[in-house]
Amino acid sequence: MLKSDVNGPAWDDAKISEAVGCRTRTVENVRRAFVCEGFEGGRWVRKKPATSPTPKLLDGVAEAKLIATRLGKPPAGFGHWTLRLLADQMVELEIVESISPETVRQTLKKMA
């Protein structure tokens, strides 16, 4: 935007697109967004989506049950809980229909 300023270098769109490494149309779109929507509405500030692309698998109650299970005694024959054991236990207790060990890991990490 500064390169296209009339009081500054006053570069044309082709020169800006070549310097930045994008198409001329992209320069035009960025300028239009800045003029119409301002700095916050432009492409400089990343907008967070209103909803997550994937719904949350565990709600607060299910997270509490996961933590309680993790703090409990592991199954016979195991010295400690593994992520896979916790995932299997969540399915066995019918807290969730299915869950991956990675989701279990992320939930426990968030709570730590």
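Residues numbered from 1 in each chain as written. Predicted model: local features only at pLDDT ≥ 70, side-chain atom pairs only at ≥ 80, totals over all residues. Heavy atoms only, no water.

A closer look at unusual backbone geometry
We note that Glu94 has phi near 60°; this positive angle belongs to a residue other than glycine. Mapped onto the secondary structure, Glu94 falls in the loop between α4 (83-92) and α5 (101-111). The exposure class assigned to Glu94 is exposed, which follows from its relative accessible area of 72%. (Helix = DSSP H or I, 4+ residues; strand = E, 2+ residues; numbered from the N terminus. Buried < 20%, exposed > 50% of the residue type's maximum accessible area, 1.4 Å probe, protein only.)

Observations regarding the confidence of the model for the protein
Put simply, the protein has an average pLDDT of 86, and 87% of its residues get 70 or more. For the protein, helix α2 (residues 24-41) is the element with the lowest average pLDDT, namely 81, and α4 is the one with the highest, namely 96. (pLDDT = per-residue confidence, 0-100.)

Observations regarding the environment of Leu93
By secondary structure assignment, the location of Leu93 is in the loop between α4 and α5. Owing to a relative accessible area of 46%, Leu93 belongs among the partly exposed residues under this scheme. Residues Leu93 and Lys65 lie 28 residues apart in sequence; the distance between their C-alpha atoms is 9.7 Å.

Examining the pattern of salt bridges
Opposite charge on two side chains permits them to pair, given that their charged atoms come into close proximity. Counted according to the given criterion, the structure contains five salt bridges. Its salt-bridge partner being Arg25, residue Glu28 comes within 3.2 Å of it at the nearest N-O pair. Here Glu28 and its partner Arg25 are both found in helix α2, three residues apart, which amounts to about one turn of the helix. With relative accessibility at 27%, the residue Glu28 sits in the partly exposed group. In this structure Arg25 comes out as partly exposed when scored by relative accessible area, which is 43%. Ionic pairing is found between Glu102 and Arg105, a salt bridge with its closest N-O pair at 2.6 Å. With Glu102 and Arg105 both in helix α5 and three residues apart, this pair spans about one turn of that helix. Salt bridges sharing common partners tie together Lys56, Glu63 and Lys110. (Salt bridge = Lys/Arg side-chain N within 4 Å of Asp/Glu carboxyl O.)

As for the nonpolar core
Most often, soluble globular proteins keep nonpolar side chains buried together rather than apart. Ranked by size, the top nonpolar core spans 12 residues in total: Leu58, Ala62, Leu66, Trp81, Leu85, Leu86, Ala87, Met90, Val96, Ile99, Val104 and Leu108. Those elements giving two or more residues to this core turn out to be α3 (60-71), α4 and α5. In terms of residue count, α4 provides more of this core than any other element does, four residues in total. Non-local contacts of Leu85, meaning those with residues more than four positions away in its chain, are made with Pro75, Phe78 and His80. (Core = buried A, V, L, I, M, F, W, Y, C linked by side-chain atoms within 4.5 Å. Contact = heavy atoms within 4.5 Å.)

Topic: the packing of α3 against α5
Think of two packed helices as two axes; the pair is described by the angle between the axes and how far apart they sit. Running from amino to carboxyl end, α3 crosses α5 at an angle of 90°, the nearest separation of the two axes being 11 Å. Taken together, the axis directions place α3 and α5 in an arrangement best described as roughly perpendicular. Contacts between α3 and α5 involve Glu63, Leu66, Ile67 and Arg70 from the former and Val104, Thr107, Leu108, Lys110 and Met111 from the latter. Of the residues belonging to the contact of α3 with α5, the class tally is five nonpolar, one polar and three charged. (Axes fitted to C-alpha atoms, helices over the stretch in contact; angles between N-to-C directions. Parallel < 35°, antiparallel > 145°, perpendicular 65-115°, else oblique. Nonpolar A, V, L, I, M, F, W, Y, C, P; charged D, E, K, R; others polar.)

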